[in-house]
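# Structural description and commentary
Here are the chains, one letter per residue:
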Amino acid sequence: MSACAPRVCCRPRAPPTLLDITAKIVAAAIPFQRIEERYERIPEPVQRRVVYWSFPRDERDICMYSSLARAPPDDHRSIAFCRGLKLLEAGCVENVLQVGFHLSGVVRAPAAVPPCSEPERLYRVTVSFDRCKITGVTCSCEARDIFWCQHVVALALYRIRNADSVRLRVPISETLLQMDRQQLQKFVQYLIAEHHTEVLPTAQRLADEVLQARSAINRICGAPDPTAGPPPDAHHAWHLDEQQVCEQVRAYLLQGTYYNANKQLNSLFSKVREMLRAQDSNGPRMLMLMTEQFLSDPRLLLWRNQNTPMTEKCRQLWEQLGALWVSIVLDPRSSHQRLQWRHLLEKWSAVEVCPTEDPDYRSFPLYARERERNERDRDRDHRDRDRERHRDRDERDRERLREREERDRERHRERQRREMHSHSESSDDESRPNNYEREYRRASKRLRLHNQRPAPQLTPRTVFHKALDAVDISWENEHLKNILSSDEFRDPEKPDKAGSSTTTLQPYPKFNLLGQPLWHEHLPVVGARIEALRAHGRAPAALRLAVSAARAMRHRQEVSQQRWQDACCGEASSSSGDACACAGGCERSKLSVAAYMDSGGCLAAGDTCALSHSRRCVARDSRCWSGWTLEAIWCVYECLADACLAPEDQRASPRLHTYVDEEPNTGLPPRYQHVPVAGSKNPEETYLALALEAALLGLGVQRMLPSGLYAQERYCKQEERLISQLQRVEGEACASVCVRVARALLAGGPASCLGARVHPRAAPAHTFARYLFLALLPADPDLAYRVGLRAMRLPMVEDAYALEGGAGGGGAGAGSWHTLQHHEQQQAALASALLGAARGTSSRLRAALGAAQRHVRSAAQLFRLAQDALRLAAPPDAPHHHRDLLAAAFELGLQVLRMTLSSVNWRRREMVRWLVTCATELGLDALLSIMQNWYELFTPTEATGPVAAAAMSHATALRLGLSFEQQEKLGATARALALQCAAKDPPGCALSALSVCEGSAGAFEAACAAVGGAAARGALASSQLFAVARYMEQRGQPARAMRLATLAMRNLHLHYNQDSHPAIADIHWAVALAHSLGRAELQAMLPLLVKNVQCAPVLSDVLRRCCVAAAGCSRARPPPPRPPTPLRPLLEAALRAYASTTHARLAHISPRHYADFVEFLGKARDTFALAHDGPHQFAALLQEIKLKYKGKKKLMFLVKERFG
């Protein structure tokens, strides 16, 4: 036991006397004032013993009201209980006096450590108590906290541990009765003299009232005595500062979602559970105060007005609050308070900002409520007027129908007389309805349309509605009482039923075939009952109910399995007689699956049930407990598993269900041991086996996945949390239970998630199946693979439709799959486990590979699965590889590339490189196969890029150890691939195809021909043609490069304002190439340049380069050379481009561009200087500018300043 842990108090050294025994009972149950009213005179020794035993006797009660933690750990020395215990052990409690039901003392706080200058202080502490409960505390330290300060703790612990040494006096009123008049006067005068500065005004006021004959004091018999305990009708509870509770909770809520605030609020919820377990009335009282503060949270109004969901942490706190109210309302001993709680919960549910039960519900903001109400009233008025108007019309319609009916009757009689006379038969008139019937149908339909009213808008359920539903749940069922009362409860008629074991199982019997009691109820209701029993300290009763519920789950599984077998036999016999249509069979299959789903409904009217609800069955509406069926399974499992904890792992109090996803860090996981079920004759039936079986059966039920983002995420987290707890259970018994449950689930039909048929909107079972597969693999590998392969399906993706109408049951309905990515990840994890465990067994590997290829529809998850398979098949440090698993990884990679060939995937490049790597690991044949079938796997760009380059690299040849013939074969295949890609996609593969075909002259010529043909057809852009032409020049083929450059120039168009176009460098290169080849090539290039290029700076630059090249590199002539005659068209095009560009720029010029325009004119003047009459043309251009744009004075000033 730790130093600050509470310990057992007042160990009797001798057998207690009869007076002590009776005083103990009386002090704990009867108010002292009631005793005084019953007896005129109570002996003082009796009063002393009653007063002595009226103080609390358990230190754990003091700890509960002085710390947040249930049991103070050794490393938390800052809580009030530990500090008070330290003061007690240091001997700081002095002058302790107990007068009746009033305890007082002085607690001396020692001086602080020398670095701190706090001196020693004395604190006066008073404690009032009654019937073993402290009802009031005061301390001069004036600490402001929910719980008691360390000084109160020190005084209370001193009284518990040193009860015999405390000075004890009877109530002061009894002492006053023993005084005469003189003693009383002396007592009063000494008391006033001792405290005259404090009590003198009060004493004088009371004396004046006493001297008045008709005062209120004189009309009352007796006088109050604070040391005689509270009156009998006063509220009897432990002292709890309500104001501090409200202030602290309000402060924590205002801090938002900070870690410390959430931690403190969760600690307060744990304190409420601790009070409930101790059956302390302050538990509901404290939770009531917290609820009021939660509803006053200003963030609720903000979220409601903004129509946004609350944060996840805040949502967890609200759900925890609602769950605690369910436990409080379901207390079996609180039936007399349920009506009061119902009114309180209804009041809270009516608050506008109260959170809804469905986290994904969205409503109108509060400021829109009034507008909505006005619109609703206006629509109601319109409907009333329309109803009055249509009522008159309906009367006219009825009158017209009656007249038409009379005419039709006359016509019908006339027709009958005519038929009788003519003896003719006519079936046409009899087979079709007459006019009256048609008109009556029309009028009836019209009446229905006019009289129908819109469906009333349902008010959304709040977080308190589950507690409101729990108010109607009764504990008065005799069968339930018998289950909770004894472990030996059995079927009294069991001997008479011994021969009925081979008959058909009843769906909801009260006892199983062994005579053991069963409790059939909606599972969330059962979980709520178990949670309530455990919360209120009735762990044995909760354990008995959990055992009956687990046995009932097993029985329902057996019944479902038997029904499915009978249905299969019936279908087989009917199909042998006549074959049914495929569509009808599929529809009946879906309906039968939906009929077996766990929709949360109650029993049908004809079924015999162990329940006998007097008012209504809460379980009939599954929305009442849309919390989470898996939480109910958790409650059953945890209740049974806690009974199997090893003695050193058992806690002082049972674990209670927390709605926080994060589990507390308790160090090592708990250790379990098998404990036989009490009252069971089967030694193999232990609480641990029953807990595991209940959890597996609950997880194995086929159920609808809830709708909404939060609900689906919550479902996934609950499933993972429950499975993480199951993974802690090990041993042969665990394996045997898993084997038995797995076989039952496989044969369970649609009621099981591992059955032969599954609903399209059923919750996937990949996480559960992976746990079951890993648990079964050592014991029964064949069964493990049956489970894993059966669970690989993902109907939400494989079937793109959902059932309509009533076949959907009570499931989620049509909605979005918000957690589809999570389910796909779990599916890939299950497939990875199947593939990894199948190494060395080819049949299982083929089955697992086939299931993965058939059911995994996500390319990303399939690629992840392929990577895992490659990692398992070829570990980096392993000398040998698993060829079968490597081939499976290769097959998965092929499927991934087929799936992503026509879709956009950001990991496509990684997938292509990985497949080439995997094929390299597998061998030459795999590389050849992917290159020969490239059109099924790669785009032409990918095939000629990373695929062909990796196949022809020297590293690949060394890795595979290829011979010369194999290298030649691989290269020929790569070149053939490149030629095919160049023919299919010339723009993307032309250059890479030429690079691949370099090693073979014939292949290179064929590639050049393909590229040339594509260029002639115009399939290549100018930039691609320039790139190929540059490549040809580097390869030493300038003639081909010139032809390609000419084609590129024909496709290129450069406008006047594109002076920074990326093709300018290619133009200069093409002109330089043509000039290097000769005058004829340059003359052929210049017309294309003049025709397609209108950018004046580009033309002038080309002109200058041609002039310099034509004149030579001599530096003797400083003036620019005159262009030769062949370049005259280029010069004229440059001059025209400068003139047109000048006017175009001036049309939309701004002042910030004036300097650039002046520089542009300077370049134009240099170009104009190359012509014979160039200066005159430039002067004319300037004069035209000055006349046309004379309004731009600043610009014209700059032009005159520069050019005159």
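Parameters at a glance
- Residues numbered from 1 in each chain as written.
- Predicted model: local features only at pLDDT ≥ 70, side-chain atom pairs only at ≥ 80, totals over all residues.
- Heavy atoms only, no water.
- Helix = DSSP H or I, 4+ residues; strand = E, 2+ residues; numbered from the N terminus.
- Buried < 20%, exposed > 50% of the residue type's maximum accessible area, 1.4 Å probe, protein only.
- Contact = heavy atoms within 4.5 Å.
- Areas by Shrake-Rupley, 256 points an atom, 1.4 Å probe, with all protein chains shown as cover.
- Pairing = 2+ DSSP bridges.
- Axes fitted to C-alpha atoms, helices over the stretch in contact; angles between N-to-C directions.
- Phe/Tyr/Trp six-rings, centres within 6.5 Å; stacked < 30°, edge-to-face > 60°.
- Lys NZ or Arg CZ within 6 Å of the ring centre and 35° of its normal.
- pLDDT = per-residue confidence, 0-100.
- Left-handed = near helix turned anticlockwise from the far one by under 90°.
- Nonpolar A, V, L, I, M, F, W, Y, C, P; charged D, E, K, R; others polar.
- Arc of directions from axis to C-beta.
- Polar contact = N/O pair within 3.5 Å; in protein donor to acceptor, adjacent residues only side chain to side chain.

Here the focus is the overall build of the protein chain. Tallying secondary structure elements over the protein chain gives 52 helices and five strands in all. The burial tally for the protein chain puts 46% of its 1204 residues in the buried class. Put simply, of all contacts in the protein chain between residues at least 6 apart along the chain, 74% involve residues at least 24 apart. In the structure as shown, the protein chain presents an accessible area of about 62,600 Å², 52% of it carried by carbon and sulfur atoms.

Okay, the sheet that holds strand β4 (residues 133-139) next. One open sheet accounts for five strands, arranged β4-β3-β2-β1-β5; its pairing is mixed. Only two strands of the sheet have a single partner each, and these edge strands are β4 and β5 (167-169). In this sheet, neighbouring strand axes are inclined to one another by 20° on average, regardless of whether the strands run parallel or antiparallel. Judged from the six bridges that link them, strand β3 (residues 121-130) and β4 form a sheet pairing that is antiparallel. Counterpart to Phe-129 in the pairing with β4 is Ile-134.

A separate point is the pairing of strand β2 (residues 102-109). Examined bridge by bridge, strand β1 (residues 93-99) and β2 share five bridges and lie antiparallel to one another. Of the residues in β2, the one forming a bridge with Glu-94 is Val-106. Remark: two residues form the turn of the hairpin made by β1 and β2, two consecutive strands paired antiparallel; Gly-100 in that turn has positive phi of roughly 60°. As judged from the eight bridges shared by β2 and β3, these two strands associate in the antiparallel manner.

Under the criterion given, the structure shown has 20 aromatic pairs. Ring centres of Tyr-65 and Trp-148 lie 5.4 Å apart, and the angle between their planes is 15°; on these two criteria the pair is classed as stacked. Pair noted here: Tyr-65 is in the loop between α4 (59-64) and α5 (80-89) and Trp-148 is in the loop between β4 and α6 (150-161), with a separation of 83 residues, a long-range link. In this structure, Tyr-65 and Trp-148 share a single accessibility class: buried. Sitting over the ring of Tyr-52, Arg-159 keeps its end group 5.2 Å from the ring centre. The side chain of Arg-1035 reaches across the aromatic face of Phe-1004, ending 5.2 Å from its centre.

Quick look at the confidence of the model for the protein chain now. Per-residue pLDDT for the protein chain averages 78, and the proportion of residues at 70 or more is 80%. Model confidence for the protein chain, summarised as mean pLDDT per element, is weakest for helix α18 (residues 428-431) at 38 and strongest for helix α30 (residues 781-790) at 94. Predicted confidence for residues 496-502 stays below pLDDT 50, and this span has three contacts to residues more than four positions away or in other chains. Segment residues 651-665: pLDDT under 50, and 43 contacts once partners within four positions in sequence are set aside and those in other chains are kept.

Turning our attention to the packing of helix α13 (residues 282-295) against helix α15 (residues 312-329). Two numbers describe how α13 lies on α15: the axes approach to 11 Å, and their chain directions differ by 145°. In this structure, α13 meets α15 at a crossing whose hand is left-handed. Of the residues in α15, those in contact with Pro-284, Leu-287, Met-288, Thr-291, Phe-294 and Leu-295 of α13 are Leu-317, Trp-318, Leu-321, Leu-324, Trp-325 and Ile-328. Taken together, the residues of the contact of α13 with α15 break down into 11 nonpolar, one polar and no charged.

Another point: helix α21 (residues 478-485). Regarding α21, the residues found buried are His-479, Leu-480, Ile-483 and Leu-484. Mapping the buried residues of α21 onto a view down its axis gives an arc of 130°, with all of them on the same face. When the buried face of α21 is taken as reference, the exposed residues oriented beyond 90 degrees from it are Glu-478 and Ser-485. For α21, the capping residue at the N-terminal end is Asn-477, with a side-chain oxygen 2.9 Å from the backbone nitrogen of His-479.

Our focus in this paragraph is unusual backbone geometry. Notably, Arg-131 is not glycine yet its phi reads approximately 50°, a positive angle. As for its placement among the helices and strands, Arg-131 is situated in the loop between β3 and β4. For Cys-132, which is not a glycine, the phi torsion comes out positive at approximately 65°. Inspection of the secondary structure assignment puts Cys-132 in the loop between β3 and β4.

With respect to the helices, strands and loops of the structure, Asp-780 is situated in the loop between α29 (766-776) and α30. Looking at Asp-780, its side chain comes within polar contact range of the side chain of Arg-743, at 3.3 Å.

Once that is clear, we can look at the environment of Arg-169. In this structure, Arg-169 sits in strand β5. Since its relative accessible area comes to 41%, Arg-169 is described here as partly exposed. Put simply, Arg-169 and Val-99 are 70 residues apart on the chain and 4.7 Å apart in space, counted from C-alpha to C-alpha. Non-local contacts of Arg-169, meaning those with residues more than four positions away in its chain, are made with Arg-48, Val-51, Leu-97, Gln-98, Val-99 and Gly-100.

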